[in-house]
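# Structural features, examined
Here is how the chains run, residue by residue.
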Amino acid sequence: MKEELSILVKAQYPLIYLVTPEEERAEQEIAKIAQSSTQHQRVFMWTMTQGMVEYGQSHGQSRQQPQHNTISPEAAIQWTIQQREPGIFIFKDLHDFITGAGVKRALRDAIASFKGTEKIILLMSPLQEVPLELEKEVVVMDFPLPDMAELNQVLSKQLNQTKTRRTSTEVREKLLKAALGLTRDEAEKVYRKAHVKAGRLTQEEVDIILSEKKQLIRRNGILEYIEEDETIDSIGGLEELKKWLKQRSGAFTERAREYGLPQPKGMLILGVPGCGKSLIAKTTSRLWGLPILRLDMGRIYDGSMVGRSEANLRNALKTAESISPAILFIDEIDKSFAGGTGSSDSDGGTSSRIFGSFLTWMQEKTSPVFVMATANRIERLPGEFLRKGRFDEIFFVDLPTPEERQDIFRIHLSKRREDISRFDLDQLAKMSEGFSGAEIEQALIAAMYEAFAQDREFTQLDIIAALKATLPLSRTMTEQVTALRDWARQRARPAASSTAEYQRLEF
Ligand SMILES: Nc1ncnc2c1ncn2[C@@H]1O[C@H](COP(=O)(O)OP(=O)(O)O)[C@@H](O)[C@H]1O
Ligand SMILES: [Mg+2]
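The rules behind the values
Residues numbered from 1 in each chain as written. Chains lettered and ligands numbered in written order. Predicted model: local features only at pLDDT ≥ 70, side-chain atom pairs only at ≥ 80, totals over all residues. Heavy atoms only, no water. Domains from an automatic or database assignment. Axes fitted to C-alpha atoms, helices over the stretch in contact; angles between N-to-C directions. Helix = DSSP H or I, 4+ residues; strand = E, 2+ residues; numbered from the N terminus. Parallel < 35°, antiparallel > 145°, perpendicular 65-115°, else oblique. Left-handed = near helix turned anticlockwise from the far one by under 90°. Contact = heavy atoms within 4.5 Å. Salt bridge = Lys/Arg side-chain N within 4 Å of Asp/Glu carboxyl O. Buried < 20%, exposed > 50% of the residue type's maximum accessible area, 1.4 Å probe, protein only. Near = heavy atom within 4 Å. Polar contact = N/O pair within 3.5 Å; in protein donor to acceptor, adjacent residues only side chain to side chain. Areas by Shrake-Rupley, 256 points an atom, 1.4 Å probe, with all protein chains shown as cover. Phe/Tyr/Trp six-rings, centres within 6.5 Å; stacked < 30°, edge-to-face > 60°. Lys NZ or Arg CZ within 6 Å of the ring centre and 35° of its normal. Pairing = 2+ DSSP bridges.

### Overview of the domain arrangement of the protein chain
- With domains assigned, the protein chain is organised as domain 1 (2–142), domain 2 (148–219), domain 3 (232–397) and domain 4 (402–433 + 437–471).
- For domain 1 versus domain 4, the separation of C-alpha centres amounts to 67 Å.

### Some thoughts on the packing of helix α13 (residues 308–323) against helix α14 (residues 350–364)
- Their axes nearest at 10 Å, the elements α13 and α14 cross at an angle of 25°. It follows from the interaxial angle that α13 and α14 lie roughly parallel. Seen along the crossing, α13 lies across α14 with a hand that is right-handed. Between α13 and α14, the residues in contact are S309, E310, L313, L317 and E321 and T350, R353, I354, S357, F358 and W361, respectively.

### Here we look at the pattern of salt bridges
- Overall, the coordinates contain 30 salt bridges when judged by the stated rule.
- Notably, a salt bridge pairs E27 with K92, separated by 2.5 Å at the nearest N-O pair. Taken as a pair, E27 in helix α2 (residues 23–36) and K92 in strand β4 (residues 87–92) lie far apart in primary sequence, 65 residues in all.
- Since its relative accessible area comes to 9%, E27 is described here as buried.
- Between K177 and E173 there is a salt bridge, and its shortest N-O distance comes to 4.0 Å. Taken together, the positions of K177 and E173, both in helix α6 (residues 169–179) and four residues apart, correspond to about one turn of that helix.
- The class of K177 is partly exposed, set by a relative accessible area of 48%.
- Residue E173 is classed as partly exposed on the basis of its relative accessible area of 40%.
- Among the charged side chains, a salt-bridge network with shared partners connects E22, R25, E150 and R184.

### Describing the site of ligand 1
- As a structural note, the neighbourhood of ligand 1 is formed by 16 residues, with G236, G274, K277, S278 and E441 the closest of them.
- Here an oxygen atom of ligand 1 and a backbone polar atom of C275 are 3.2 Å apart.
- Here an oxygen atom of ligand 1 and a backbone polar atom of G276 are 3.2 Å apart.
- Protein burial of ligand 1: of its 560 Å² of free accessible surface, 83% is covered by the chains.
- Among the elements of the structure, α11 (277–288), α16 (402–416) and α18 (437–453) are those that each provide at least two residues to the shell around ligand 1.

### Digging into the packing of aromatic side chains
- On inspection of all chains with the given rule, the structure shows 15 aromatic pairs.
- An aromatic cluster is present here, built from W244, F252, W288, F370 and F395 joined pairwise through their rings.
- The lysine or arginine in question, R248, covers the ring of W244, its NZ or CZ lying 3.9 Å from the ring centre.
- It is K365 that lies over the ring of W361; its NZ or CZ is 5.7 Å from the centre.

### Points about unusual backbone geometry
- Of note, the amide linkage connecting S324 to P325 takes the cis form, showing an omega dihedral of 0°.
- For P325, the position within the fold is in the loop between α13 and β10 (326–330).
- Within the chain, D93 stands out as a residue other than glycine whose phi angle is a positive 55°.
- Within the secondary structure layout, D93 lies in the loop between β4 and α4 (101–113).
- A relative accessible area of 27% means that D93 is categorised as partly exposed.
- Positive phi, normally seen in glycine, also occurs at D455, with a value near 55°.
- Along the chain, D455 turns up in the loop between α18 and α19 (460–469).
- A residue is classified by how much of its surface remains accessible, and D455, at 73% relative accessible area, is exposed.

### Here's the deal with the sheet that holds strand β5 (residues 119–125)
- Pairing within the open sheet is mixed, and its six strands lie in the order β3-β2-β4-β5-β1-β6. Both edges of this open sheet fall to β3 (51–54) and β6 (139–142), since each of them pairs with a single strand only. Neighbour-to-neighbour, the strand axes of the sheet open up by a mean angle of 25°, direction not taken into account.
- Note: strand β2 (residues 42–47) against β4, five bridges, orientation parallel. Bridged to V43 within β4 is I88.
- Where helix α3 (residues 73–82) meets the sheet, its contacts fall on β2, β3, β4 and β5, and the angle it forms with β4 comes to roughly 175°.

Here is the structure:
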């Protein structure tokens, strides 16, 4: 990934926009590229506080004097035009000025004058802000987060300091993997903190690092680590979907690559609310042994500044990629497309742009990030989203069949009582026609409360009474459920075993 930057520089792209919060790391990388280039480009750096300063040979230690009269961004850009020698001119945080008419014009003048000169302007900023007029001239690139090799340097430094001499390759790898997805500074902090806490860095400290990482990731507020204790066996029915998932539990292993299998891209689970879509997505983490990160689409939208939402999305995706192989869980993705905040009518097209970027990313991603999206309503989903090939599979989760309902009762009763032979599951399944899994669970809990209040054990009759007192969603929202089914019948694969699928009662 870092090679990409080097290639852009060597190919003399006149205007490169490097998006990164890691200034120091990026500067060092650019200095390295400049040194290795045959033209021996000098590196200059502009900030609004100092103006243009030549980048110190030994990592900025020998501070150079700023160039005269280069504080204003326009003047600094003019100055680059006047330079005769090859050079890389880094502008930090120009995003604050880039929409100004003078700056835009100066940049375009510079690009035009740079042809054949081996001069490059490199904009470096944590935020991406590209005015329309420059979109065709600038190439935007995310500076990648540290990879294992770079983290290894950070870890080695920490291990040297702590005199933890002998760490097996295996432990080392675990410590490194645990820090993937962090910036170099964050990784340093996390290793240091783990060491301070435990007085060493061994296998046992991996958990400290992981939990630190979770907090750091949580702080950006868009991605969230999820831990799910339930396993896939605590879900009743959905046999086809389960089979699909189980078959792919080794899909991200080296062995699967050698076998010649492609990496799965993602799946979309559509269906009736309360039927286990979110739960099955979360349990896939354990089934596949991969971390699962929830992407909150709603939190991506940030109206405070143009380009902020895009940057948020890219940051989140970048983090997910750096942690990969991983599952990216987008629950109720339909909600982020219509109605409420982020609607395309109310936000000047931000949501459709974001969505476009997301689709492009899905299309082009090569990193093993498996997208697992769920949706309750299809009419909100844009057509491109459902097009064949976007996802490996689109599953439809319908209301449970009678057999599935038996299964769900068995699971939820067994969770709460050792011996469930006193319950007639067949009867319960019959009495719960039209119930979702969530509604079955709720009825069971209601029955338990009833009996608990009367200070006795709950019985079959309590459950039946609770079922009778419930009006399931499928009856209150018959039309929506029917519409969803009709739609899905033609376009999605049923999650339940296929034979049982369409014999159920219509509402
Ligand atoms: N098929 C099922 N088997 C067992 N429990 C279920 C099932 N479907 C739903 N539930 C229960 O209902 C809860 C809510 O389901 P959820 O996964 O959030 O539904 P959805 O995402 O489809 O709206 C689950 O956590 C689980 O306890
Ligand atoms: Mg859900």
